Amino acid sequence: MSRKLLALLVAAFLLLSLATYVYYRRTLAARPVDPYALVPDDAVLVLATHDHAALVQHLQEAGVWDNLTGVRYYQQVAGQLALADSLDNGGRPVNPVTGRQRGLLTFLGKKLVITSLHITGPGQVDVLYQVPLISVREYRQARGLLETLGRDPRHTFSIRKYEGYELQELTDRTGGKLTVLNYRNHLLLSTHAPLLEAVVHRLDHPGAPTVRVGFGGTDLLRLPDVDATLLVNFRRVPALLDVLFQPGTHGLLDQALGLAHEGLLGLRFGPGQVALTGFANPETAANSWQQQLRGQPAQSLRPLAEVLSQRTALVLAVAGPLAPARPLAADTARATRQALDSLRASLAPGAVLAYLGTAAPGVPAARLTLLCCLAPQRTARWLARLRRLGGASPAFARVGSYAIYEAGFAAGPLLGPLADKLPAPGQPDAGGALSTALVNNYLVLSDNASLRSYLADVAAGQVWSSSATQVALLQHTLPTARLTLLADVRQGWNALLGSLAEDRRAGLLRNESLLRHFSQVAWQLMPPELPSEEQGPGSQYFAQLLLRRPSQVLAADSAATGGGVGTRFRTALAGRPVLLPAAPVADGTLAAPALVADSLGVLRLLPTGTASLAWADSLPGPVVGIGPRLVRGRLLVATPHQVHWLSPADGREAPGFPLNLPDTVTVASVAAGTSPRLVVATAGHDLLLFDTNGRRYPGWPHHLEAPLAGPPLLLTVGGRDVVVAALRNGYIYAFDQAGGRYPGFPVSAGARLDGPLLAAVGPTLARSQLRTVNQHGELLTITLSGDVVARRRVATWSRTASFRLVPEASGRAGSFVVVRQDGGQLDVYSPAGVAPLLSRQLLTSGEKPVQWFDFGPTRQVLALTEPQPGQVSLFDGQGRPLGAGAGSPSPAGAWPSTGTGVALRYDAARQRYQMLRLVRRELRRDDVRVE
């Protein structure tokens, strides 16, 4: 009986073991481990890499690797790295004679390795490493290495239990300790044992949110050329800065970085720079700057190039008003309150703080506050009134052509929290009381001594616009942003030394070459394009961090940027290029003159087949509307307050032009047709009708009840003028020359409209048609007699989707496509198609300009521009990529482009497309092979 009982017990034990094994394999082991679930919640930075050989290679190419190996921390662990390098050889060191290429990098390979940085005590940071083991062999190697090192007299190996988990500890003679936890073949290592204990605590709550829960399924590592991702917890960044800097030296920086509470960035290497781009989730705390700035439009930094001194070490630009930190006292005179309110109204929302470099460590940096003036003369009048009310002296000091006045008021009610450390009226500091100066369109506030030093630089022309390195920095930053932080390590080196904690200063000096390697740093947050998008759940900033080495970038700028022939200009180009009618050149081919506009409003024409300028014309402002276009043999261009009609031959204006509109009128777009008349649409929802002699017709302007959905149309039907305007509220109007409505109008499209109209002019109003697509995805055909003759749903409608009609770029009648965009999903439909001819899942949100070129039944091209990545892709009429392997820098057929679109023509003799695109300051011509 005893033998039978023993046999039964053994059988039961075997069955229980088998059941336990099957349960483990089918349940626990079948569920993949989320590596981010093993990262403690208090991580400040989380770095994830998946191709370590490529990362090291790119670090070497960028010139960073040699600097990293010179850091003392790296030298201290070099011996341990050499031992770990034998991991792939079963604990045996790599033979230096045979030169085997196997080792630590081979072991890591393309595994997802996560490194997290944690603050573990006052002035102390520690790192947690996570490496997956993909085979039993690797597990045995890791365990064998620890045991082998434990048998070494210099180390002690031990194992201890912590809440049911086994922690392996390797201690050396100096007291240093390495703790290892293996959780389901995920190896976690740290020299700070409490970090591993924190991992164990997380394992007790498997359903708890991970450190990257705010970014859902976004995986930037899937994008091409992304070597690593960096997750940043901005709520813990101030504690990290406390480790590096003296207390109280970074409070304003903490507030600025607090616009977002977490960010996910992808790491890319380029010539002379490292770019980290991605997304950031806005801060939700009630007292943060984010709550005060929500809904404020982003602003551009480019105008600051004319007023920032070349000695500027740090720039902090905030777009939007901030609540006053020190409101006016109750006993403040009513007149002073009114004057301050009027001064605030004369200034644009937002402010820029600039810190100048110092001559030696410990010397306080001069701090300037720059405020953009909407009307400088009005601002000057209110400043003078505040001086009188505050009892300030009317005397002024002059530096060059600029005057310095005593302010006579406190900066707190005007600047809010940005006024910290600015002197109060009558309270002199090292530089004197708060003073003001007007520089171009900016009001500059600072103490008297700082203003004198700053204005001396501006008067001498030592500003950013005259520095190639600073202009290049601005051109590589985002065009607009809500928050911009720019740092110049060279100018701010002494100030950096003075603000560091004493025990960190020596380390900074030892690693000076590494920090100076990328001497320009830029951090920016761009909000969603529409304020309504920011109010909804899930709204995110587009975030970008740039580390640049100016000398290397400027050298790389002279190289080709994505193929093609380029023509470089002094200023950044804007908008999209325009190709004029082609003419034959010496080799018998056709080449078209190109017209481009820059960010300063200068038009330039490049003649056929050359890179020299035919002419350049400086306009009084940036080009508005859809850009220059050829109308009756001349170029029609609009600026905010003028309409220009230029000759393509020499750039001269037509007689009577430009048309000068009142300062109260801001032009949004201008339209022309075959008749000698022009229609001007204003930003105030008005339509004006002129003839080319400048005569305004009676019955105009017309005030519209809603914004325009697209530019107006000026048609001629049977000798009669028809002005057509589609409004965003879904109504379409048609007016005659006297300003009256045509019968049957307005016509309701049944839903909101967004985008241009397409017109087909016939001999009568009833045989002339308009086409548009509403926001329910319906394609409508409407006659000019006011009848809806066709209505067809093009694509599925949803509340978050938007639709727009894209006419053929040259105005070819009847040729167009319909674009549907829903978040990152973009679909393009032909008028008759049911399935989309192009469907793309895009990483970034926001409107993506789409162009449709139709050169014939088999010569159709779709151009998709992505402003955030800065690239344009071409597809044929079937949605297949064009240009892959034919001059395109990427296999997907994408070219670098910083404009809002491209120009394209078809060269039948060579059977190639000729494309023009803008890349910052360069106009590039590319030949795209026809497949």
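Residues numbered from 1 in each chain as written. Predicted model: local features only at pLDDT ≥ 70, side-chain atom pairs only at ≥ 80, totals over all residues. Heavy atoms only, no water.

**Some details on the overall build of the chain**
- Across its full length, the chain carries 20 helices and 54 strands.
- The buried share of the chain, taken over its 931 residues, is 49%.
- Long-range pairs, those at least 24 residues apart, make up 56% of the contacts in the chain with a sequence separation of at least 6.
- Total accessible area on the chain stands at roughly 42,700 Å², and carbon and sulfur atoms take up 56% of it. (Helix = DSSP H or I, 4+ residues; strand = E, 2+ residues; numbered from the N terminus. Buried < 20%, exposed > 50% of the residue type's maximum accessible area, 1.4 Å probe, protein only. Contact = heavy atoms within 4.5 Å. Areas by Shrake-Rupley, 256 points an atom, 1.4 Å probe, with all protein chains shown as cover.)

**Some remarks on the packing of helix H11 (residues 334-345) against helix H12 (residues 376-390)**
- Closest axis-to-axis distance for the H11/H12 pair is 9 Å, and the angle between their directions is 155 degrees. Viewed along their axes, H11 and H12 adopt a mutual orientation that is roughly antiparallel. In this structure, the crossing between H11 and H12 has a hand that is left-handed. Contact with H11, carried on its side by Ala335, Thr336, Ala339, Leu340, Ser342, Leu343 and Ala345, involves Arg378, Thr379, Trp382, Leu383, Arg385, Leu386 and Leu389 of H12 and no other residues of that element.
- When grouped by side-chain class, the residues that make up the contact of H11 with H12 number 9 nonpolar, 3 polar and 2 charged. (Axes fitted to C-alpha atoms, helices over the stretch in contact; angles between N-to-C directions. Parallel < 35°, antiparallel > 145°, perpendicular 65-115°, else oblique. Left-handed = near helix turned anticlockwise from the far one by under 90°. Nonpolar A, V, L, I, M, F, W, Y, C, P; charged D, E, K, R; others polar.)

**Here we look at the pattern of salt bridges**
- All chains considered together, the criterion is met by 22 salt bridges.
- Lysine 177 is the salt-bridge partner of glutamate 169, the closest N and O atoms lying 3.9 Å from each other.
- You can call lysine 177 partly exposed: its relative accessible area is 34%.
- Here arginine 917 and aspartate 926 are joined by a salt bridge, their closest N and O atoms 2.7 Å apart. Assigned by exposure class, arginine 917 and aspartate 926 land together as buried.
- Each of the salt bridges in this network shares a partner with another, and the network as a whole consists of Arg160, Glu169, Lys177 and Glu197. (Salt bridge = Lys/Arg side-chain N within 4 Å of Asp/Glu carboxyl O.)

**Things to note about empty space enclosed by the protein**
- In this structure the tally under the stated criterion is 3 cavities of 30 Å³ or more.
- Of the voids in this model, the second largest cavity is the one considered here, and its volume is about 50 Å³.
- Looking at the second largest cavity, the residues that line it are Leu133, Tyr139, Ala142, Arg143, Leu146, Gln168, Val180, Asn182 and Leu187.
- Every element with two or more residues in the lining of the second largest cavity is listed here: helix H6 (136-151) and strand S6 (177-183).
- It is H6 that contributes the most residues to the lining of the second largest cavity, 4 residues altogether. (1 Å grid on protein atoms, 1.4 Å probe; cavity = no way out; pocket = protein on both sides within 12 Å on 5 of 7 lines; lining within 4 Å. Points joined across faces, edges and corners; volume = space filled by probe spheres on them.)

**Observations regarding the nonpolar core**
- In terms of nonpolar packing, the biggest core is built from 53 residues, with Phe409, Trp523 and Leu525 touching the most fellow members.
- Discounting chain neighbours no more than four positions away, the residues touching leucine 525 are Leu259, Ala260, Ala280, Ala481, Arg482, Leu483, Tyr541, Phe542 and Ala543.
- Counting 33 residues, the second-largest nonpolar core is a separate cluster that includes Ala317, Leu368, Ala397 and Leu455. (Core = buried A, V, L, I, M, F, W, Y, C linked by side-chain atoms within 4.5 Å.)

**A few points about the environment of glutamine 524**
- In this fold, glutamine 524 is placed in strand S19 (residues 520-526).
- By relative accessible area, which is 2% here, glutamine 524 ends up buried.
- Glutamine 524 sits 43 residues away from alanine 481 along the chain, and the two C-alpha atoms are 6.2 Å apart.
- If sequence neighbours within four positions are ignored, glutamine 524 has contacts with Thr477, Leu478, Ala481, Leu483, Thr484, Phe542, Ala543 and Gln544.
- Only 2.8 Å separates the side chain of glutamine 524 from the backbone nitrogen of leucine 478, close enough to count as a polar contact.
- One polar contact links glutamine 524 to threonine 484, side chain to side chain, over a distance of 3.3 Å. (Polar contact = N/O pair within 3.5 Å; in protein donor to acceptor, adjacent residues only side chain to side chain.)

**A look at the pairing of strand S14 (residues 396-399)**
- With burial as the criterion, only one face of S14 is covered, namely that bearing Ala397 and Val399; the residues Phe396 and Arg398 on the opposite face remain uncovered.
- Across 4 bridges, S14 lies against strand S15 (residues 402-406) in antiparallel orientation. When the sheet's bridge partners are listed, arginine 398 is paired in S15 with alanine 403.
- Between S14 and S15, which follow one another and run antiparallel, lie 2 residues, and glycine 400 among them has a positive phi close to 65 degrees. (Pairing = 2+ DSSP bridges.)

**Thoughts on the sheet that holds strand S48 (residues 850-854)**
- Pairing is antiparallel in the open sheet, where 4 strands are placed in the order S48-S49-S50-S51. Each of the sheet's edge strands pairs with one partner strand only, and the pair in question is S48 and strand S51 (894-896). Neighbour-to-neighbour, the strand axes of the sheet open up by a mean angle of 25 degrees, direction not taken into account.
- By the bridge criterion, 3 bridges tie strand S50 (residues 871-876) to S51 in an arrangement that is antiparallel. Within S51, the position partnered with serine 873 by the bridge is alanine 894.

**What about the confidence of the model for the chain?**
- Confidence along the chain averages 79 in pLDDT terms, with 81% of residues attaining 70 or more.
- Contacts for the low-pLDDT stretch residues 70-81, under 50 throughout, to residues beyond four places or in other chains number 12 contacts.
- For the stretch residues 86-102, pLDDT sits under 50, and the model shows 22 contacts to residues farther than four places along the chain or on other chains. (pLDDT = per-residue confidence, 0-100.)

**So, H11**
- For H11, which comprises 12 residues, the first-to-last C-alpha distance of 17 Å matches the rise-based estimate of 16 Å (1.5 Å per residue) to within 8%.
- Within the span of H11, buried status applies to Thr336, Ala339, Leu340 and Leu343. Down the axis of H11, the buried set is contained in an arc of 100 degrees. They therefore lie on one face.
- Buried residues along H11 sit in contact with H12 and helix H13 (412-415). (Expected span 1.5 Å × (residues − 1). Arc of directions from axis to C-beta.)

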